[in-house]
Amino acid sequence: MLDWLHLDDPDLVLKHGLPSSLMAEASGSQESGLGKYEKGLKLGLRQLLVSDDRDILLALQAALQSEQPAAESETQTVLLALAMVWGNQRPVGGWQEALRFMRAHVGLRRDLLDVLQWRLDQLLPVHHRRFPALTGQLALHARYSSEQILLALGLGDFDAPPSLAGVGVKHVADRRVDAFFVTINKSDKDFSPTTLYEDYALNQELFHWQSQSTTSPESPTGQRYINHAQGGYQPVLFVRSGKKLANGLTEPFRYIGPINYVRHEGSRPMSIVWRLQYPLRARELRAYRQDAI
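Let me begin by describing the structure that accompanies this report. All figures in this text were calculated on a predicted structure; none of them were measured in a lab.

Attention shifts here to the overall build of the protein. Scanning the protein for helices and strands turns up 11 helices and 8 strands. Here the protein has a C-alpha radius of gyration of 20 Å; the compact-globule value for 293 residues is 19 Å, and the two agree. Considered along the principal axes of its C-alpha atoms, the protein spans approximately 65 × 40 × 35 Å. Here the protein, with 293 residues, has 50% of them falling under the buried criterion. Of the contacts made within the protein by residues no fewer than 6 positions apart, 64% connect residues no fewer than 24 positions apart. Of the roughly 14100 Å² of accessible surface on the protein, a fraction of 50% belongs to carbon and sulfur atoms. Where the 32 positive side-chain charges of the protein centre and where its 32 negative ones centre are 3 Å apart.

Among the residues making up helix α2 (residues 19-26), those that are buried are P19, S20 and S21. Buried residues along α2 sit against α1 (11-14), α3 (38-48) and α7 (106-122).

The first and last C-alpha atoms of helix α4 (residues 54-65) sit 16 Å apart over 12 residues, in line with the 16 Å expected at 1.5 Å per residue. Here α4 has its buried residues at R54, I56, L57, A59, L60, Q61, A63 and L64. Looking at the buried positions of α4, the neighbouring elements they touch are α3, α5 (75-85), α6 (94-104), α7, β1 (143-144) and α9 (146-152). Here α4 starts with a cap whose side-chain oxygen sits 3.0 Å from the backbone nitrogen of D55, and that cap is D53.

A separate point is the side chain of H141. On the secondary structure map, H141 appears in the loop between α8 (132-135) and β1. Judged by its relative accessible area of 10%, H141 falls in the buried class.

On inspection of all chains with the given rule, the structure shows 12 salt bridges. E67 is paired through a salt bridge with R109; the nearest N and O atoms lie 2.9 Å apart. With E67 in the loop between α4 and α5 and R109 in helix α7, the pair connects residues that are 42 residues apart, well separated along the chain. Owing to a relative accessible area of 55%, E67 belongs among the exposed residues under this scheme. Judged by its relative accessible area of 15%, R109 is buried. Between E284 and R281 there is a salt bridge, and its shortest N-O distance comes to 2.8 Å. You can call R281 partly exposed: its relative accessible area is 28%.

Taken N-terminus to C-terminus, the directions of α4 and α5 make an angle of 90 degrees; their axes are 8 Å apart at the nearest point. One finds that α4 runs roughly perpendicular with respect to α5. Across from D55, I56, L57, A59, L60 and A63 in α4, the residues of α5 making contact are T77, V78, L80, A81, L82, M84 and V85. Across the contact of α4 with α5, the residue classes tally to 11 nonpolar, 1 polar and 1 charged.

Locating L60 in the fold gives a position in helix α4. Overall, the relative accessible area of 1% leaves L60 in the buried class. Between the alpha carbons of L60 and F253 there is a distance of 20 Å; along the sequence they are 193 residues apart. Excluding residues that lie within four positions of it along the chain, L60 makes contacts with L48, A81, L82, V85, M102 and L116.

Quick look at the pairing of strand β8 (residues 271-276) now. Burial runs high along β8: 5 of the 6 residues are buried. Pairing of strand β5 (residues 206-210) with β8, which is carried by 5 bridges, proceeds in the antiparallel orientation. Across the sheet, Q210 pairs through a bridge with S271, a residue of β8. Connecting the antiparallel pair strand β7 (residues 253-265) and β8 is a turn made up of 5 residues, with G266 showing a positive phi of about 80 degrees.

Here we come to unusual backbone geometry. Going from R268 to P269, the amide bond is cis rather than trans, its omega being 10 degrees. Relative to the helices and strands, P269 is located in the loop between β7 and β8. Residue R176 is not a glycine yet carries a positive backbone phi of 55 degrees. Within the secondary structure layout, R176 lies in the loop between β2 (169-172) and β3 (177-183). R176 sits in the partly exposed class, given a relative accessible area of 38%.

Calculation rules
- Residues numbered from 1 in each chain as written.
- Predicted model: local features only at pLDDT ≥ 70, side-chain atom pairs only at ≥ 80, totals over all residues.
- Heavy atoms only, no water.
- Helix = DSSP H or I, 4+ residues; strand = E, 2+ residues; numbered from the N terminus.
- Rg over C-alpha atoms; globule rule 2.2 N^0.38 Å.
- Buried < 20%, exposed > 50% of the residue type's maximum accessible area, 1.4 Å probe, protein only.
- Contact = heavy atoms within 4.5 Å.
- Areas by Shrake-Rupley, 256 points an atom, 1.4 Å probe, with all protein chains shown as cover.
- Lys, Arg positive; Asp, Glu negative; His and termini not counted.
- Charge placed at Lys NZ, Arg CZ, Asp CG, Glu CD.
- Expected span 1.5 Å × (residues − 1).
- Polar contact = N/O pair within 3.5 Å; in protein donor to acceptor, adjacent residues only side chain to side chain.
- Salt bridge = Lys/Arg side-chain N within 4 Å of Asp/Glu carboxyl O.
- Axes fitted to C-alpha atoms, helices over the stretch in contact; angles between N-to-C directions.
- Parallel < 35°, antiparallel > 145°, perpendicular 65-115°, else oblique.
- Nonpolar A, V, L, I, M, F, W, Y, C, P; charged D, E, K, R; others polar.
- Pairing = 2+ DSSP bridges.

Geometry only, nothing functional implied.
Given below as structure tokens:
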């Protein structure tokens with residue numbers, strides 16, 4: 001491994017550029033060969049440092065170490081990994097071409113493998129529950145970017161990255177899923193007055209959530225939430241503490257899992273209490289709990 005990976009926080013180096021590019025510059029060469037992709041890839045390596053789904057990291061590691069096409073059984077896992085690494089600028093030809101590009105650039109490939117190994121060394125090899133019919137390869141209590149989540153829900157593709165675009169709910173009719181995206185600590189700077197919803201954990205098993213400001217209990221959307229079990233729908237919850245991490249990166253969402261309706265009050269927006277099928281862990285409870293006003 002490179003000496004820079006012995007730092008307590010490799011992000012101190014990565015935020016200045018790809019290690020291979022920094023070393024090339026130090027030796028007098030200014031050309032990395034990455035062109036317009038370099039800025040997004042630098043950000044992607046930094047995001048690898050906060051990823052905690054070992055299966056996704058291992059799948060990318062294996063794909064980079066091989067010269068063979070990714071196995072069909074690993075396709076979605078590799079796709080989710082590449083979605084985290086690549087920025088808005090992406091090679092024409094889909095995720096397969098993106099992987100080929102990464103393999104072909106020796107410095108980039110080495111940087112990725114070094115960062116992946118560093119991160120894997122930080123994570124315990126624990127088993128994560130997954131719900132393939134609902135959310136593909138996403139793991140319960142692991143963290144993901146909004147693009148990774150939407151791709152796992154079957155929305156968009158690598159060539160046309162999906163976006164939340166300020167929307168806190170995604171209705172995925174073909175899977176009969178409603179995906180809720182919650183940011184606990186909101187600010188007037190990042191959220192409009194109509195999206196400053198009161199979302200917080202009540203305890204390890206109950207979560208208070210407010211619908212969009214136009215949703216009433218009588219509306220089709222409100223009825224779908226209230227009667228989701230009878231209608232064959234399954235809501236799922238993704239939560240993050242704030243919009244940004246301390247290092248300035250966009251904070252990923254943690255997959256809290258499937259949730260069930262308990263009760264509601266109010267209208268436009270509705271305030272709904274959901275029961276989590278899998279209780280919050282202690283650290284998430286501390287981060288997501290607020291005193292109800």
